[in-house]
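What the coordinates show
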Amino acid sequence: MSPINHSDCKPERKKSAAKTAAILNGARQEFLANGYAAASMDRVANVAGVSKATVYSHFHDKSSLFAALVQQLAEDKFKATSFDPRDESTMKGEPKAVLTQLAREVLDESAGDPQFCEFMRLIIGESGRFPELSRPYIENVAKPLIDGLTRYLSNCEDLNLSDPEASARTFMGTLIYFVMLQRVLGGAELMPMESDRIINTLVSLIVLP
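We now turn to the structure provided with this report.

Parameters and conventions
- Residues numbered from 1 in each chain as written.
- Predicted model: local features only at pLDDT ≥ 70, side-chain atom pairs only at ≥ 80, totals over all residues.
- Heavy atoms only, no water.
- 1 Å grid on protein atoms, 1.4 Å probe; cavity = no way out; pocket = protein on both sides within 12 Å on 5 of 7 lines; lining within 4 Å.
- Points joined across faces, edges and corners; volume = space filled by probe spheres on them.
- Helix = DSSP H or I, 4+ residues; strand = E, 2+ residues; numbered from the N terminus.
- Axes fitted to C-alpha atoms, helices over the stretch in contact; angles between N-to-C directions.
- Parallel < 35°, antiparallel > 145°, perpendicular 65-115°, else oblique.
- Contact = heavy atoms within 4.5 Å.
- Nonpolar A, V, L, I, M, F, W, Y, C, P; charged D, E, K, R; others polar.
- Buried < 20%, exposed > 50% of the residue type's maximum accessible area, 1.4 Å probe, protein only.
- Salt bridge = Lys/Arg side-chain N within 4 Å of Asp/Glu carboxyl O.
- Polar contact = N/O pair within 3.5 Å; in protein donor to acceptor, adjacent residues only side chain to side chain.
- Left-handed = near helix turned anticlockwise from the far one by under 90°.
- Core = buried A, V, L, I, M, F, W, Y, C linked by side-chain atoms within 4.5 Å.

**A look at empty space enclosed by the protein**
Enumeration over the complete set of coordinates arrives at one cavity of 30 Å³ or more. In this model, the largest cavity occupies a volume close to 310 Å³. Lining the largest cavity are 20 residues, and of these Lys77, Val106, Phe116, Val141 and Leu145 sit closest to its centre. Those elements giving two or more residues to the lining of the largest cavity turn out to be α4 (62-79), α5 (95-111), α6 (114-126), α7 (134-155) and α8 (164-184).

Laid out in structure tokens, this is it:
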């Protein structure tokens, strides 16, 4: 048996990665334009410039394609911020400064990313008929953030928190609700509020003056 030439495998891996990226880009456009139910794998293939068979060779079905897209969205979000909930080394420092920075980045990232808000509308609007749509968001965005913040708060003994996990959920839940109400549901005109007011009040509930 002749040995495998690993150098020959690298172009294939690059080619496969390029096709995966093209498929995810096509899927992003398709889901945002037509929603989940009406999304067509044929149109995803056309936009990606690949065959439908290639799409299915990378992703078994529409739900797995959507899940991969949300996972990519989460990866992009964590790369764009100084706080990565999966890396404890990014969660160090004085609580007031850390929590203020985290809250500001969460709100600023959502404000500067219209596609993120569109995806949230999509998940909320169609998760009633397709409950599986919310799972990738919970697994890749909400849970890592809450788990990471819980670990950080648990290590901040000076805060004397009786329930760090509940505090983390309250903190992140308030930020997510603010994004939902103001930006996803379009409530900014009816109920305007500066993000700094939310951030300062929220941080002061955990870090007492």
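Here the narrative resumes, following the displayed structure.
**Observations concerning the packing of α6 against α8**
Angle between the axes and distance between the axes are the two parameters that describe a pair of packed helices. At a closest axis distance of 11 Å, the pairing of α6 and α8 adopts a crossing angle of 100°. Between α6 and α8, the crossing angle belongs to the class labelled roughly perpendicular. Residues Cys117, Met120, Arg121 and Ile124 of α6 form the contact with α8, whose participating residues are Met180, Arg183 and Val184. The class makeup of the residues in the contact of α6 with α8 is five nonpolar, no polar and two charged.

**Comments concerning the side chain of serine 167**
Summarising the element assignment, serine 167 is placed in helix α8. You can call serine 167 buried: its relative accessible area is 17%. Beyond its immediate chain neighbours, meaning those up to four positions away, serine 167 contacts Leu153, Leu161 and Ile206.

**With respect to the pattern of salt bridges**
As enumerated under the stated definition, the model contains nine salt bridges in all. A salt bridge links arginine 43 to glutamate 30; the nearest nitrogen and oxygen atoms lie 2.8 Å apart. Taken as a pair, arginine 43 in helix α2 (residues 41-48) and glutamate 30 in helix α1 (residues 6-34) lie far apart in primary sequence, 13 residues in all. Using a relative accessible area of 37% as the deciding quantity, one classes arginine 43 as partly exposed. When the shortest N-O distance is used, the salt bridge between aspartate 196 and arginine 104 registers 3.3 Å. With a gap of 92 residues between them, aspartate 196 in helix α9 (residues 195-206) and arginine 104 in helix α5 connect regions that are remote in the sequence.

**Overview of the environment of asparagine 140**
Tracing the sequence through the fold places asparagine 140 in helix α7. Put simply, asparagine 140 and alanine 67 are 73 residues apart on the chain and 9.2 Å apart in space, counted from C-alpha to C-alpha. If we skip the residues at most four places from it in the chain, asparagine 140 touches Gln71, Ala74 and Phe78. A polar side-chain atom of asparagine 140 sits 2.8 Å from the main-chain carbonyl oxygen of proline 136.

**Let's talk about the packing of α5 against α9**
Close contact between α5 and α9 brings their axes to 10 Å; oriented N to C, the two are set at 145°. When you trace α5 past α9, the crossing you get is right-handed. Between α5 and α9, the contacting residues are Lys96, Leu99, Thr100, Ala103, Arg104 and Leu107 on the first element and Ser195, Asp196, Ile199, Val203 and Ile206 on the second. Its residues assigned to classes, the contact of α5 with α9 comprises six nonpolar, two polar and three charged.

**Focus: unusual backbone geometry**
Phi at asparagine 160 is positive, roughly 55°, even though this residue is not glycine. If you trace the backbone, asparagine 160 turns up in the loop between α7 and α8.

**Considering the nonpolar core**
Ranked by size, the top nonpolar core spans 59 residues in total, and within it Phe31, Leu65, Phe66, Leu149 and Phe171 carry the most contacts. Of all the secondary-structure elements, those providing two or more residues to this core are α1, α2, α4, α5, α6, α7, α8 and α9. The contacts of leucine 65, once residues within four sequence positions are left out, are Ile23, Leu24, Ala27, Phe31, Met41, Val44 and Phe59.

**Description of the side chain of threonine 100**
Residue position: threonine 100 is located in helix α5. Look at threonine 100 and you get buried, because its relative accessible area is 15%. The contacts of threonine 100, once residues within four sequence positions are left out, are Ile199 and Val203.

As far as function goes, none of this settles anything; it's purely spatial.
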